[in-house]
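Summary of the model geometry
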Amino acid sequence: MAVWDKLWGLLFLLAGAVGQTVIYPFTSTCAVRGSTVTLPCTFTPLKSFSDGQREVPLKIVRVLWCQNNVFCLRPAPSVWDTDSKTSDPRYQYLGDMMTNCTLQIRDVQQRDNATFRFRMEADNPKGHFTNMIGVTVRVDDGSKMRIISSGDDKKLSRGETVTLLCASVCTFHQLEVTWFKDGHALSETGPSLLLCSLNAEDSGSYTCALKTNMETVSEPYSLQVEAGWCDQFPSDFPVRQPAA
Ligand SMILES: *[C@@H]1O[C@H](CO)[C@@H](O)[C@H](O)[C@H]1NC(C)=O
Ligand SMILES: *[C@@H]1O[C@H](CO)[C@@H](O)[C@H](O)[C@H]1NC(C)=O
């Protein structure tokens, strides 16, 4: 009898372990300091457990993300926690209490170079669960942004259109950048800069950097728009109109 009890207990534990999941679609990522990184995550809570006589429903009452702690257990601090109102605003929980446990980290700092784990807690400890694998974030501090041009030649003709992309070795999405032309900031903040129907004034030296980290400023990208044949004359040059 006692043996059966133990066996049932074991089966129950196994059932519990397979009944709830936390899935990180990728378990490592890299982010440039100052950028924003999203850690996608989904979870399935255990819906109920049997106390021997009946099924007891479970409800998730707390979700949290912690850093460098295998089980996310107290007293380890969490980076985001439904139980704590004083978390760092850089950590934004984009998930919910049902299935989505996505975490976003803004303005990535050196101290985010760590492993992050998600934990759910139910109204009964049988529903508590942490995925120990976690997501490892590697913070890249040294690399500069890079400008990639859609045009294969740096010498472009008037009227052409070119897109400059400000990219980094690490983070490609959600980049907020500052563009500069000959050292002056432009108003565009997206990672791509579209230059439509180029003219001679678009020629210059372009650089870009993460808005939050000017140390990432790229090498200059020199863009030259080839002057048309007429551009060699001053604008007040008398042009003879063709005879009617
Ligand atoms: C989770 O929520 C985030 C933010 O709202 C969303 O971008 C993502 O697609 C959601 N993931 C799933 C699997 O629904
Ligand atoms: C970042 O974490 C990795 C391990 O994930 C470690 O090898 C590396 O030294 C850390 N870098 C810094 C700058 O702390």
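This text goes with the structure placed above it.
Residues numbered from 1 in each chain as written. Chains lettered and ligands numbered in written order. Predicted model: local features only at pLDDT ≥ 70, side-chain atom pairs only at ≥ 80, totals over all residues. Heavy atoms only, no water.

**Some words on the site of ligand 2**
Residues in contact with ligand 2, as listed here, are Gln-110, Asn-113 and Thr-136. Burial of ligand 2 by the surrounding chains reaches 31%, relative to a free accessible area of 360 Å². (Near = heavy atom within 4 Å. Areas by Shrake-Rupley, 256 points an atom, 1.4 Å probe, with all protein chains shown as cover.)

**Describing the sheet that holds strand β18 (residues 184-185)**
Here five strands make up an open sheet; going across it, the order is β15-β21-β20-β17-β18 and the pairing mixed. Two strands lie at the open edges of the sheet, namely β15 (155-157) and β18, each paired on one side alone. Relative to β18, strand β17 (residues 177-181) runs antiparallel, the two being bridged by two bridges. Within β18, the residue paired with Lys-181 across the bridge is His-184. (Pairing = 2+ DSSP bridges. Helix = DSSP H or I, 4+ residues; strand = E, 2+ residues; numbered from the N terminus.)

**Considering a nonpolar patch on the surface**
There is a patch of nonpolar side chains on the surface, built from Val-70, Phe-71, Leu-73 and Met-132 and spanning about 340 Å² of accessible area. Here Phe-71 shows up in the loop between β7 (60-67) and β8 (78-81). (Patch = residues over 30% accessible without salt bridge, like charges linked within 9 Å, V, L, I, M, F, W, Y side chains within 5 Å. Salt bridge = Lys/Arg side-chain N within 4 Å of Asp/Glu carboxyl O.)

**Looking at the nonpolar core**
The biggest cluster of nonpolar side chains holds 30 residues, and the ones touching the most others in it are Leu-39, Trp-65, Phe-116 and Phe-118. Among the elements that take part in this core, strand β11 (residues 114-122) stands out by supplying five residues, more than any other. Of all hydrophobic cores here, the second largest spans 21 residues; its members include Val-162, Leu-164, Leu-195 and Cys-208. (Core = buried A, V, L, I, M, F, W, Y, C linked by side-chain atoms within 4.5 Å. Buried < 20%, exposed > 50% of the residue type's maximum accessible area, 1.4 Å probe, protein only.)

**Description of the sheet that holds strand β10 (residues 103-105)**
Taken in spatial order, the three strands make up an open sheet running β3-β10-β9, and their pairing is antiparallel. The open sheet terminates on both sides in strands that have one partner only, identified here as β3 (37-39) and β9 (91-93). Geometrically, the sheet is characterised by an average inter-axis angle of 20° between neighbouring strands, direction not taken into account. As paired elements, β3 and β10 share three bridges and run antiparallel to each other. Looking across to β10, one finds that Val-37 is bridged to Ile-105. (Axes fitted to C-alpha atoms, helices over the stretch in contact; angles between N-to-C directions.)

**Structural notes on the side chain of Asp-140**
Here Asp-140 is to be found in strand β13 (residues 135-140). Although Asp-140 is buried, it makes no salt bridge; Arg-138 carries the closest opposite charge, 4.6 Å away. Engagement of the side chain of Asp-140 in a polar contact is seen with the side chain of Ser-143, the distance being 3.1 Å. Once residues lying within four places of it in the same chain are set aside, the contact partners of Asp-140 are Ala-31, Val-32, Arg-33, Val-169 and Cys-170. (Lys, Arg positive; Asp, Glu negative; His and termini not counted. Polar contact = N/O pair within 3.5 Å; in protein donor to acceptor, adjacent residues only side chain to side chain. Contact = heavy atoms within 4.5 Å.)

Note that every value here comes from positions in space, so none of it alone points to a role or purpose.
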